[in-house]
Amino acid sequence: MTQEKTRYRSVFVSDLHLGAVGAKTEAAQAFLQSVTCDYLYLVGDVIDGWVGRKDRKWTSAHTEVIRILLEMGNAGCTVRYTPGNHDAFMRRMHGVRLGNIEIEHSFLHTTVDGKDLLVVHGDLFDRTCTKYQPVAFVGAWMYEYLGMANATLNKKQIERGARTVDFTSPMKRGIKKFIGKSTNYEADVIESAREDGFEGVVCGHVHRPQITPEADGFLYINTGDWVENCTAVVEHDNGTLELLNFGREVNEHEKRGAWEAIRSLVGTESRNDPE
Ligand SMILES: [Mn+2]
């Protein structure tokens, strides 16, 4: 790739769900190829082992993302991978270091201006995943099959020369919203990280991207996902944390490097719903 890369000190991404039908893998790939950083945090649910087991679902695009991640490690970037519930099989590898790639249950990331952040996927704070796991499994399958039904419909729409539609987004958001709200997810994550002495937490899991400072300055950061929102959190060289949201209207980042190219891969449906 000849395109110039955008440099950040750190990049945080989660919920790529490689292997799942609805994953915006080409967009994730374009994003990862457009950045260079000292630290790349993979904040869980990178590979979808719940729905991606069947061979036909794993495409060369998914393999390509893995290749890019390995390449970033080889190029000197410290890649830190904290698995989530969909890639929980990777948890068995905690403590493993493969060159510049580290796998752990969670990480401490200290920003350049000295803020101690806990980096963790966050499913262990989601009671549907801990106490009511069958609910989480059913939710994941519904999520997946809605995506497949929509893809089938759109194939027919294209054959007929009609517009493609996305009827699943509101439903999928609804499922995620229900899971998040019913378990007080954010509050539990914040409370736990604060008690452990962190000044902020970077998590994923609920597909709700945000950087929200609490009243006491504690930072709640959710990296979002590459299924619904296409988001990443970056730390600039001066320590400023920023949420990049490729699923939203083009904003001041429009002119920055690969923004437009990634957006064109994200899809065209408008996303006004902040969740
Ligand atoms: Mn998750």
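> Teacher, can you tell me more about the sheet that holds strand β2 (residues 35-42) here?
Pairing between sheet strands relies on hydrogen bonds along the backbone, with the strands arranged either parallel or antiparallel. If you walk across this open sheet you meet the seven strands as β4-β5-β3-β2-β1-β11-β12, and the pairing is mixed. The strands lining the two open edges of the sheet, one partner per strand, are β4 (97-98) and β12 (241-245).

> Explanation requested: unusual backbone geometry in the structure shown.
Glycine aside, residues mostly have negative phi angles, and peptide bonds mostly take the trans form. Although it is not a glycine, histidine 17 adopts a positive phi angle of roughly 50°. Within the secondary structure, histidine 17 sits in the loop between β1 (6-13) and α1 (25-33). Even without being a glycine, histidine 205 presents a positive backbone phi close to 75°. Following the sequence through the fold, histidine 205 ends up in the loop between β8 (200-203) and β9 (210-213). A residue is classified by how many C-beta atoms lie within 10 Å of it, and histidine 205, with 29 of them, is buried.

> Honestly, α1 in this entry has me stumped. Any pointers?
Within an α-helix, residues lying three or four positions from one another point in the same direction, as the helix has 3.6 residues per turn. In terms of burial, α1 is largely enclosed, as seven of its nine residues are buried. Looking at α1, one finds that the buried residues are Thr25, Ala27, Ala28, Gln29, Ala30, Phe31 and Leu32. In the core, the buried residues of α1 are packed alongside β2, α2 (60-74), β11 (231-235) and α7 (259-266).

> Would you mind showing me how to read the environment of alanine 151 here?
With respect to the secondary-structure elements, alanine 151 resides in helix α4 (residues 133-159). Put simply, alanine 151 and glycine 22 are 129 residues apart on the chain and 8.6 Å apart in space, counted from C-alpha to C-alpha.

> Help me understand the sheet that holds strand β6 (residues 107-110), please; the structure alone is not making it clear to me.
Judged by pairing direction, the sheet is mixed, and its five strands sit side by side in the order β6-β7-β8-β10-β9 without closing on themselves. Across the chains shown, the open sheet's two edge strands, defined by having one partner strand only, are β6 and β9. Going from strand to strand, the sheet's axes swing by 20° on average, the running direction of each strand aside. Inspection of the sheet shows β8 paired to strand β10 (residues 219-222) by four bridges, in the parallel sense. Among the inter-strand pairings, glycine 200 is bridged to a residue of β10, identified as leucine 219. Relative to the sheet, helix α6 (residues 185-195) contacts β7 (116-119), β8 and β10, its axis offset from that of β8 by approximately 130°.

> Just to check I follow, could you spell out α6 for this structure?
Every buried residue of α6 is listed here: Tyr185, Glu186, Val189, Ile190 and Ala193. What you see down the axis of α6 is that its buried residues fit within an arc of 125°, all on one side. Facing away from the buried surface of α6 by more than 90 degrees, the exposed residues are Ala187 and Glu195. Remark: glycine 197 follows α6 within two positions and exhibits a positive phi of approximately 90°.

> Help me out: how do you make sense of the nonpolar core in this one?
Within soluble globular proteins, side chains that are nonpolar tend to cluster in buried spots. Of all hydrophobic cores here, the largest spans 55 residues; its most connected members are Val11, Ala27, Phe31, Val201 and Val202. Apart from the residues within four sequence positions on either side, valine 202 is in contact with Phe12, Tyr41, Val43, His109, Leu117, Val119, Ile221, Thr223 and Val233.

> I tried to follow the confidence of the model for the chain on my own but got confused; where do I start?
Low-pLDDT stretches of the model should not have their predicted coordinates read in fine detail. With 80% of its residues at a pLDDT of at least 70, the chain reaches an overall mean of 84. Contacts from residues 268-275, a stretch scored under 50 in pLDDT, to residues over four places away or in other chains number eight contacts.

> I would appreciate a short explanation of the environment of glutamate 235 in the present structure.
Assignment of secondary structure puts glutamate 235 in strand β11. C-alpha of glutamate 235 to C-alpha of phenylalanine 12: the two residues are 223 residues apart in sequence and 8.4 Å apart in space. Sequence-distant contacts of glutamate 235, that is, excluding residues within four places in its chain, are made with Tyr8, Arg9, Ser10, Thr111 and Leu241.

> Looking at this structure, I do not really get the packing of α1 against α7. What am I missing?
Helix-helix packing is described using two parameters, namely the angle between the two axes and the distance between the axes. α7 packs onto α1 with a crossing angle of 165° between their chain directions and a minimal axis gap of 8 Å. Relative to α7, the element α1 lies roughly antiparallel. In terms of crossing hand, the pair formed by α1 and α7 is left-handed. Only Ala261, Ile262, Leu265 and Val266 of α7 make contact with α1, whose side of the interface consists of Glu26, Ala27, Ala30 and Phe31. Its residues assigned to classes, the contact of α1 with α7 shows seven nonpolar, no polar and one charged.

What counts and how
- Residues numbered from 1 in each chain as written.
- Predicted model: local features only at pLDDT ≥ 70, side-chain atom pairs only at ≥ 80, totals over all residues.
- Pairing = 2+ DSSP bridges.
- Helix = DSSP H or I, 4+ residues; strand = E, 2+ residues; numbered from the N terminus.
- Buried ≥ 20, exposed ≤ 12 C-beta atoms within 10 Å, placed from the backbone.
- Contact = placed C-beta atoms within 7 Å.
- Axes fitted to C-alpha atoms, helices over the stretch in contact; angles between N-to-C directions.
- Arc of directions from axis to C-beta.
- Core = buried A, V, L, I, M, F, W, Y, C linked by C-beta atoms within 7 Å.
- pLDDT = per-residue confidence, 0-100.
- Parallel < 35°, antiparallel > 145°, perpendicular 65-115°, else oblique.
- Left-handed = near helix turned anticlockwise from the far one by under 90°.
- Nonpolar A, V, L, I, M, F, W, Y, C, P; charged D, E, K, R; others polar.

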